[in-house]
Number of protein chains: 4
Amino acid sequence: MLIELKEMVYEANMELPRRGLVTYTWGNVSGIDRERGLFVIKPSGVPYEELDPEMMVVMDLDGNQVGGRLRPSSDTPTHLELYRAFPEIGGIVHTHSTHATAWAQSGRAIPCYGTTHADYFYGEIPCARNLTPEETEAAYEKNTGKSIVEVFADRNPIHVPGVLCKNHGPFTWGKDAAEAVHNAVVLEEVAKMAWMTEMIGGRDCQTPQYMQDKHFMRKHGPNAYYGQK
Amino acid sequence: MLIELKEMVYEANMELPRRGLVTYTWGNVSGIDRERGLFVIKPSGVPYEELDPEMMVVMDLDGNQVGGRLRPSSDTPTHLELYRAFPEIGGIVHTHSTHATAWAQSGRAIPCYGTTHADYFYGEIPCARNLTPEETEAAYEKNTGKSIVEVFADRNPIHVPGVLCKNHGPFTWGKDAAEAVHNAVVLEEVAKMAWMTEMIGGRDCQTPQYMQDKHFMRKHGPNAYYGQK
Amino acid sequence: MLIELKEMVYEANMELPRRGLVTYTWGNVSGIDRERGLFVIKPSGVPYEELDPEMMVVMDLDGNQVGGRLRPSSDTPTHLELYRAFPEIGGIVHTHSTHATAWAQSGRAIPCYGTTHADYFYGEIPCARNLTPEETEAAYEKNTGKSIVEVFADRNPIHVPGVLCKNHGPFTWGKDAAEAVHNAVVLEEVAKMAWMTEMIGGRDCQTPQYMQDKHFMRKHGPNAYYGQK
Amino acid sequence: MLIELKEMVYEANMELPRRGLVTYTWGNVSGIDRERGLFVIKPSGVPYEELDPEMMVVMDLDGNQVGGRLRPSSDTPTHLELYRAFPEIGGIVHTHSTHATAWAQSGRAIPCYGTTHADYFYGEIPCARNLTPEETEAAYEKNTGKSIVEVFADRNPIHVPGVLCKNHGPFTWGKDAAEAVHNAVVLEEVAKMAWMTEMIGGRDCQTPQYMQDKHFMRKHGPNAYYGQK
């Protein structure tokens, strides 16, 4: 069942340590088969060097485990909420990558300080609020997902393929698991550059809006002209 | 004598340079056999690339060398104090890892700015005071151990498996030498993220207490649900 | 056609990921054959690991593609403007290297804080202005080139072989593609050191002018005495 | 002539890129044979990957080249001044290592913020003044050496085996070329930690003097007890 998707999600998970985005078992990637309504996710707490495609866990969109012998990532209810709220996305990544996590810890959205940011994220990369004590107690991981969805009430998750969770760390997504990892790498680099920028330039370095529009659209708009078509 | 423990402590020592926590001979790991009341520690000043398990030094809990031909790490009296004061711990690490040492040099405890921290350390990571001139002169390394123990008068060393020594560097511990090294790696990463956080967010970014409780307990509490049991 | 130049530009492009200057497909190198009035440039959006010399695109100085089956880098019109305005240069590099981009995002020129800088760049490394909305809309990449040329109205591009574009990133150049990459590596290192310098020394650390003269001239002046002639 | 010394100085030079202390050809190591009054130094501007022991240049203490076919490092007159002024030293290193250079660019001595520093450098690591225009013009590299010697009028170069030159970079030394490189590695790490310390702790973090004494003496004093004797 879902052999290809398990293989793809496995590969996407293994890309996290190769790209320096995770320490030990911190982080997880999932990918979804929208037709069947099933998603595949990393098992909880398994070191990357011991992972294989067969260990991937299969979940349905009601949160039931329907395949795999290991327990899924403890963040699975967050992935589930995002797949339910954002029907356009096909893969999700959670990491504690260093600079993105520092921004999450500071509780601030990452301002758009340059075209590296604008090429991938349209506008600031938002920071979701802390959960309340009740939300934390009741269903922490599920409510984390809901707090992310809140932030996208007036944003398009395809135009802003990632978010920070306050005092926690980043989530990114994409059309599939590989693109979600790609966006996690970009977010970490954008977070690093933004952090450096404030040290020398303060917080008043935003990219003019028309320049953000230009860069985002030349890669993602209907008349995009970056790349080989 | 203690062949397996020597092998384990050797492996834990070799993990320090692999994880980028030491330069040259800076740092040492020990592990204890509580039944026999003996601990094994790195010899002093030997480069990691020349180390082998047979070089490990065996000490008793009165501070007598009972095995090994080389002199033990000059920090051995600190390890000894910690093994005597904290009967729950089985391994100890000392490094001068860059970011943890910067916090130690600043003389500040590391505030809990996020869940990466809360997953491993319950509350701030404390900073032990400077020794007095008399304590420094009389028995520097032993008194370093005592100054650490002071800090844990009202803390559980299992819930806070590490400490900074002011103007010096970090010590971490765990149930065995391998876990102590794991905690040293985590401390360095947490120190790095906290350092970055203050640059963009100031010092007012603490994680709400109920969120710290949630994260620490989901990994370490009686109903922990992280990992494969 | 231009087999050797394609090989050289290919090699110069491959040096970017080896030197840690690019993530994914960010960045491009070109090189020119001044006799034929043709330049060779990386194709747009092709990952470095898939690149080969045959994929390089050939352009004339009117902006027509005259060789290669792939589309040229989207930054090609910027390269074209620079080749037309600076007849002394033979190669151009664009990257989003981390520290240089942070300076570009801050909108500040990099002050000459030391001899590492003075050995390669005479005086500050300037920062070109943002384009207007009209310039951005009409011919963004071409106008980026023009905004760089503006900055060199009173500077010698051979003495200052690079520039930052505000909210975007750096361009460097040299007598050929290889030297342009060399200068991109130096710029990134100089940007890193300058960033660090301001954290501990503020902005008042400029190198005395006579010392800048000495260092630049001992490597580049008529009586240069650095190296094996 | 001096085959063993050339081999040793070659090896010490090659350690610079392995330890990440140099970019391209920045940096050089020399070593001296005090009995013969000759020192061996890297040739100027030769990439490390092309270096071999036979390329090393031999100089006498009057500044005459007495062996080797290539031109010596442009910093040779600085090395010469140091060998003449400090008869106890046997090897010298110059680098532009990133963090040490940032301190040099800031024009500040590195305060002793911790025991990592105190284990190797007794007291602050001083910063030599800028040369005057006349000193720069007349004999730049020789006068750089003299400005370093000035700083050691009231310091022991064995107790403080390194210095920063304002707006330039660090020099370190030791009993031979290998130890000089060792001290260059330590200086870079100490400079990095001190830089980080000021970001979170300000400038008021000095290590108490009695603690500096203790650490320096336990490694270097007559009753040193670090290492295997």
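Residues numbered from 1 in each chain as written. Chains lettered and ligands numbered in written order. Predicted model: local features only at pLDDT ≥ 70, side-chain atom pairs only at ≥ 80, totals over all residues. Heavy atoms only, no water.

The name recorded for chain A in an unreviewed UniProt entry is L-ribulose-5-phosphate 4-epimerase, from Hominifimenecus microfluidus. Entered under Pathway (unreviewed entry) in the UniProt record, the comment concerning chain A runs "Carbohydrate degradation; L-arabinose degradation via L-ribulose; D-xylulose 5-phosphate from L-arabinose (bacterial route): step 3/3." (UniProt positions renumbered as here; feature names shortened; annotations may be inferred.)

## Description of the overall build of chain A
Scanning chain A from terminus to terminus reveals seven helices and eight strands. Against the compact-globule benchmark of 17 Å for 229 residues, chain A has a radius of gyration of 17 Å, which places it among compact chains. Dimensions of chain A along its principal axes, counting C-alpha atoms only, are 50 × 45 × 35 Å. Out of the 229 residues in chain A, the part that is buried amounts to 65%. Put simply, of all contacts in chain A between residues at least 6 apart along the chain, 64% involve residues at least 24 apart. For chain A, the distance from the average position of its 22 positive side-chain charges to the average position of its 30 negative side-chain charges is 3 Å. (Helix = DSSP H or I, 4+ residues; strand = E, 2+ residues; numbered from the N terminus. Rg over C-alpha atoms; globule rule 2.2 N^0.38 Å. Buried < 20%, exposed > 50% of the residue type's maximum accessible area, 1.4 Å probe, protein only. Contact = heavy atoms within 4.5 Å. Lys, Arg positive; Asp, Glu negative; His and termini not counted. Charge placed at Lys NZ, Arg CZ, Asp CG, Glu CD.)

## A short note on the arrangement of the chains
Between chain B and chain C there is no contact, and the shortest C-alpha to C-alpha separation is 11 Å. Spatially, chain A is disjoint from chain D: no contact exists, and the shortest C-alpha separation is 11 Å.

## Section: the pattern of salt bridges
Where charged atoms from two side chains of opposite charge come close, those side chains can pair. What the rule picks out here adds up to 57 salt bridges over all chains. A salt bridge links B:Arg18 to B:Glu15; the shortest N-O distance between them is 3.0 Å. Placement of the pair is B:Arg18 and B:Glu15 together in helix H1 (residues 3-18), with a separation of three residues, close to one helical turn. For B:Arg18, a relative accessible area of 55% gives the class exposed. Across the salt bridge formed by C:Lys142 and C:Glu81, the nearest N and O atoms sit 3.8 Å from each other. With a gap of 61 residues between them, C:Lys142 in helix H5 (residues 133-151) and C:Glu81 in helix H2 (residues 76-85) connect regions that are remote in the sequence. One network of salt bridges, in which partners are shared, links A:Glu11, A:Glu15, A:Arg18 and A:Arg19. (Salt bridge = Lys/Arg side-chain N within 4 Å of Asp/Glu carboxyl O.)

## Considerations on the interface of chain B and chain A
Taken together, the contact pairs 35 residues of chain B with 37 residues of chain A. Taken over both partners, the interface formed by chain B and chain A buries close to 3,100 Å², and the fraction arising from carbon and sulfur atoms is 55%. Of all residues in chain B, the largest losses of buried area upon contact with chain A belong to B:Ile200, B:Tyr210 and B:Gln228, amounting jointly to 24% of the total for that side. At the junction of chain B with chain A, the criterion picks out 19 residue pairs in polar contact (both at pLDDT 80 or more). Elements represented by at least two residues in the side of chain B that touches chain A include exactly helix H4 (115-118), helix H6 (177-201) and helix H7 (209-220) of chain B. The biggest single contributor to the side of chain B that touches chain A is H6(B), with 14 residues. (Buried area = accessible area lost by both parts, 1.4 Å probe. Polar contact = N/O pair within 3.5 Å; in protein donor to acceptor, adjacent residues only side chain to side chain.)

## A few points about the relation of the copies chain C and chain A
Superposition record for chain C on chain A: RMSD 0.0 Å, screw rotation 90°, translation along axis 0.0 Å. On the angle and the small slide along the axis, the relation comes out as a four-fold axis. It is C:Met199 whose C-alpha, among those of chain C, lies nearest the rotation axis, at 5.3 Å. An asymmetric contact is evident, with only 5% of the interface residues of chain C recurring at the interface of chain A. (Least-squares fit on C-alpha atoms with pLDDT ≥ 70 in both.)

## Remarks on H1(B)
Residues and elements named next belong to chain B. The end-to-end C-alpha separation of H1 is 23 Å, in line with the 22 Å expected for 16 residues at 1.5 Å each. Taken together, the buried positions of H1 are occupied by Leu5, Lys6, Val9, Tyr10, Ala12, Asn13, Met14, Glu15 and Leu16. Against strand E1 (28-33), strand E2 (38-41), strand E3 (57-60), strand E5 (91-94) and H6 lie the buried residues of H1. Looking one or two residues beyond H1, the residue adopting positive phi is Gly20, at roughly 75°. (Expected span 1.5 Å × (residues − 1).)

## Re the sheet that holds strand E8 (residues 169-174) of chain C
Residue and element names in this part refer to chain C. Read across the open sheet, the eight strands follow the order E4-E3-E2-E1-E5-E8-E7-E6; overall the sheet is mixed. Strand pairing shows two members of the sheet lacking a second neighbour, strand E4 (65-67) and strand E6 (127-128), which therefore form its edges. Looking at chain direction, strand E3 (residues 57-60) and E4 are connected through two bridges and run antiparallel. Directly across from Val58, in E4, lies its bridge partner Gly67. (Pairing = 2+ DSSP bridges.)

## Digging into helix H2 (residues 76-85) of chain B
All names here are of chain B. Most of H2 sits inside the fold, with seven of its ten residues counted as buried. Taken together, the buried positions of H2 are Thr76, Thr78, His79, Leu80, Glu81, Leu82 and Tyr83. Taken together, the buried residues of H2 touch E1, E2, E3, E5, helix H5 (133-151) and strand E8 (169-174).

## Considering the side chain of D:Thr144
You can see D:Thr144 is positioned in helix H5 (residues 133-151). Leaving out residues up to four positions away in the same chain, D:Thr144 has contacts with D:Thr78, D:Leu131, D:Cys165 and D:Phe171.

## A closer look at the packing of aromatic side chains
In total, this model carries 28 aromatic pairs over all chains according to the counting rule given. Between A:Phe86 and A:Trp173 the ring centres are 5.3 Å apart and the planes differ by 50°, which places this aromatic pair in the tilted class. Residue A:Phe86 is located in the loop between helix H2 (76-85) and strand E5 (91-94), and its partner A:Trp173 is located in strand E8 (residues 169-174); the two are separated by 87 residues in the primary sequence. For A:Phe86, a relative accessible area of 4% gives the class buried. Measuring from ring centre to ring centre gives 5.9 Å for A:Tyr120 and C:Trp26, while their planes differ by 50°; the resulting arrangement is tilted. With A:Tyr120 in the loop between helix H4 (115-118) and strand E6 (127-128) and C:Trp26 in the loop between helix H1 (3-18) and strand E1 (28-33), the pair connects residues from two separate chains. (Phe/Tyr/Trp six-rings, centres within 6.5 Å; stacked < 30°, edge-to-face > 60°.)

## Thoughts on the interface of chain C and chain A
Between chain C and chain A, the contact holds 37 residues from the first and 35 residues from the second. Of the roughly 3,100 Å² buried at the junction of chain C and chain A (both faces included), carbon and sulfur atoms supply 56%. In this structure, the connection of chain C to chain A is made through two salt bridges. Ionic pairing is found between C:Asp75 and A:Arg218, a salt bridge with its closest N-O pair at 3.6 Å. Remark: the boundary between chain C and chain A carries 19 residue pairs in polar contact (both at pLDDT 80 or more).

## Let's talk about the sheet that holds strand E4 (residues 65-67) of chain D
Residues and elements named next belong to chain D. Spatially, eight strands are ordered E4-E3-E2-E1-E5-E8-E7-E6 in an open sheet, and the strand pairing comes out mixed. The sheet is open, and its two borders are formed by E4 and strand E6 (127-128), each paired with just one other strand. Against the sheet, helix H1 (residues 3-18) makes contact with strand E1 (28-33), strand E2 (38-41), strand E3 (57-60) and strand E5 (91-94), and its axis sits at roughly 155° relative to E1, the strand it touches most. (Axes fitted to C-alpha atoms, helices over the stretch in contact; angles between N-to-C directions.)

## Things to note about the packing of H2(C) against H5(C)
All names here are of chain C. Their axes nearest at 7 Å, the elements H2 and H5 cross at an angle of 35°. For H2 against H5, the interelement crossing comes out right-handed. Contacts between H2 and H5 involve Pro77, Thr78, Glu81, Leu82 and Ala85 from the first element and Glu141, Lys142, Thr144, Gly145, Lys146, Ile148 and Val149 from the second. Its residues placed into classes, the contact of H2 with H5 shows five nonpolar, three polar and four charged. (Left-handed = near helix turned anticlockwise from the far one by under 90°. Nonpolar A, V, L, I, M, F, W, Y, C, P; charged D, E, K, R; others polar.)

## Some words on the UniProt feature "domain: Class II aldolase/adducin N-terminal" (unreviewed entry) in chain A
UniProt's feature table lists "domain: Class II aldolase/adducin N-terminal" (unreviewed entry) at residues 7-195 of chain A, given in the numbering used throughout. As a span, residues 7-195 of chain A carries 39% helix and 17% strand, and end to end its C-alpha atoms are 35 Å apart.

## Quick word on unusual backbone geometry
Most peptide bonds take the trans form, and the phi angle of most residues other than glycine is negative. Residue and element names in this part refer to chain A. The phi torsion at Tyr24 lies on the positive side, around 50°, for a residue other than glycine. By the secondary structure assignment, Tyr24 is in the loop between helix H1 (3-18) and strand E1 (28-33). Classification of Tyr24 by relative accessible area gives buried; the value is 19%.

## Regarding the state of the cysteines
Using the criterion set out here, one finds zero disulfides over all chains in the structure. Cysteine A:Cys205 shares no disulfide, and the gap to the nearest cysteine sulfur, in C:Cys127, comes to 10 Å. (Disulfide = S-S within 2.5 Å.)

## Some remarks on the pairing of E3(D)
All names here are of chain D. Along E3, one buried face is formed by Val57 and Met59 and the opposite face, lined by Val58 and Asp60, is buried too. Pairing between E2 and E3: four bridges, direction antiparallel. Paired with Val40 across the strands is Val58, a residue of E3. The hairpin formed by E3 and E4 contains four residues between the paired strands, and Gly63 there has a positive phi angle of roughly 90°.

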